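Fold and geometry: a report
Next come the chains, spelled out residue by residue.
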Protein chains: 2
Amino acid sequence: MANQMTEMLKGTLEGIVLSILAERPAYGYEITARLREQGFADLVEGTVYALLVRIEQRGFVDVQKVPSEKGPPRKVYSVNAQGRDQLEEFWRTWSFLAERIEQLHRERN
Amino acid sequence: MANQMTEMLKGTLEGIVLSILAERPAYGYEITARLREQGFADLVEGTVYALLVRIEQRGFVDVQKVPSEKGPPRKVYSVNAQGRDQLEEFWRTWSFLAERIEQLHRERN
DNA sequence: CGTCGTACTTGGTGTTGCTATCTACCGGTA
DNA sequence: TACCGGTAGATAGCAACACCAAGTACGACG
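Summarised in this report is the structure supplied together with it. The shown structure was predicted, so the numbers you read here are calculated from the model rather than taken from an experiment.

Rules and cut-offs
Residues numbered from 1 in each chain as written. Chains lettered and ligands numbered in written order. Predicted model: local features only at pLDDT ≥ 70, side-chain atom pairs only at ≥ 80, totals over all residues. Heavy atoms only, no water. Least-squares fit on C-alpha atoms with pLDDT ≥ 70 in both. Contact = heavy atoms within 4.5 Å. Helix = DSSP H or I, 4+ residues; strand = E, 2+ residues; numbered from the N terminus. Buried area = accessible area lost by both parts, 1.4 Å probe. Polar contact = N/O pair within 3.5 Å; in protein donor to acceptor, adjacent residues only side chain to side chain. Core = buried A, V, L, I, M, F, W, Y, C linked by side-chain atoms within 4.5 Å. Buried < 20%, exposed > 50% of the residue type's maximum accessible area, 1.4 Å probe, protein only. Pairing = 2+ DSSP bridges. Near = heavy atom within 4 Å. Nonpolar A, V, L, I, M, F, W, Y, C, P; charged D, E, K, R; others polar.

Structural notes on the relation of the copies chain B and chain A
The two copies are related by a screw operation: chain B maps onto chain A through 180° of rotation and 0.0 Å of translation along the axis, at an RMSD of 0.1 Å. Both chain copies can therefore be described as sitting about a two-fold axis. In terms of proximity to the rotation axis, the leading residue of chain B is K10(B), whose C-alpha is 3.1 Å off the axis. The fraction of interface residues of chain B whose copies in chain A are also interface residues reaches 100%, indicating that both copies meet through the same surface.

Description of the environment of E37(B)
Relative to the helices and strands, E37(B) resides in helix α3 (residues 28–37). Counting along the chain gives 35 residues from E37(B) to P72(B), while the straight-line C-alpha distance between them is 23 Å.

Here's the deal with the interface of chain B and chain A
Facing 33 residues of chain B, the contacting portion of chain A comprises 33 residues. Considering only the surface of chain B that becomes buried against chain A, Q4(B), M8(B) and W94(B) emerge as the three largest contributors, covering 21% of it. Taken together, the connections running from chain B to chain A amount to seven residue pairs in polar contact (both at pLDDT 80 or more). For the side of chain B that touches chain A, the elements supplying multiple residues, two or more each, are α1 (3–9), α2 (13–23) and α5 (81–107) of chain B. The biggest single contributor to the side of chain B that touches chain A is α5(B), with 16 residues.

Describing the nonpolar core
In terms of nonpolar packing, the biggest core is built from 60 residues, with L21(A) and L21(B) touching the most fellow members. Here L21(B) is in contact with A26(B), I31(B), L52(B), I55(B), V61(B), Y77(B) and V79(B), once residues within four sequence places are set aside.

Topic: the sheet that holds strand β2 (residues 61–66) of chain B
Residue and element names in this part refer to chain B. Taken together, three strands build an open sheet; the order of strands is β1-β3-β2 and the sheet is antiparallel. Where the open sheet ends on each side, the last strands, each with one partner, are β1 (26–27) and β2. As paired elements, β1 and strand β3 (residues 74–79) share two bridges and run antiparallel to each other. Looking at β3, one finds that Y27 is bridged to V76.

Focus: the protein's contact with DNA strand C
Surveying the vicinity of DNA strand C reveals 30 residues, the closest of which are Y49(A), R74(A), K75(A), T47(B) and R54(B). Protein-proximal atoms of DNA strand C, defined as those within 4 Å of the protein, fall in sugar or phosphate at a share of 76%. At a separation of 3.1 Å, a phosphate oxygen of DNA strand C approaches a polar side-chain atom of Y49(A). Going through the elements one at a time, α3 (28–37), α4 (45–57) and β3 (74–79) of chain A together with α1 and α4 (45–57) of chain B are the ones with two or more residues in the surface near DNA strand C. Looking at side-chain class alone, the surface near DNA strand C contains 11 nonpolar, eight polar and 11 charged residues.

So far we have only geometry, and geometry alone does not tell us how the molecule works.
Encoded structure:
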């Protein structure tokens, strides 16, 4: 993955995944696949799985094991109340940062 | 510093500083002060100095020592051609990411 | 039985921002 | 003189996070 994107994903990927889960519950393999389709072509599975473990341990998501026809059982994640709070916090932080960066972008020559 | 902002700065702070230097050359203490005024209140000096060392070693900036009336000599940094390339790359990466995140933002309920 | 696609796990690495502390220079003040 | 605060920079150690690499597990299909 391009180094710059790798570094930029730190701190944003969690928000991205929480946001995806806020739309509707999903499991790791599915999330990875969707993100790859949406342009994050080089995103590696291990990253997403590790992130899911993290946000579960922090109590932002609930997990449900669902049997799959095509492989091992899926771990379907859904955001809970605490996760929604975290997501709101993410949007606040993002908005602040994006605003300042966009301002620098406009000021560039 | 809020944890979320800390993580989000990874990967963006370099672009922010390069962007500031692209407007006009500056030195570390000044850059830290300006960023703090602009809302990055908890940004620590050490972070900026370390970043400046990094981008100098990567050849993105040129340095000039300038005596100060109020303290030790300043190290004034200015972006060079390679730095401008890096900055362009930063804007491309940022635009891509921001677009996708804003889309998730709009889709939220 | 071997392979492919699905699905998840994990140990190690590199980058990066933060914490904390240090040095250095100057002016004002007790 | 001695001390303090503001200016200016450096750095060792830490934590978080994305990546890399390799592994396990399950079912279907040839």
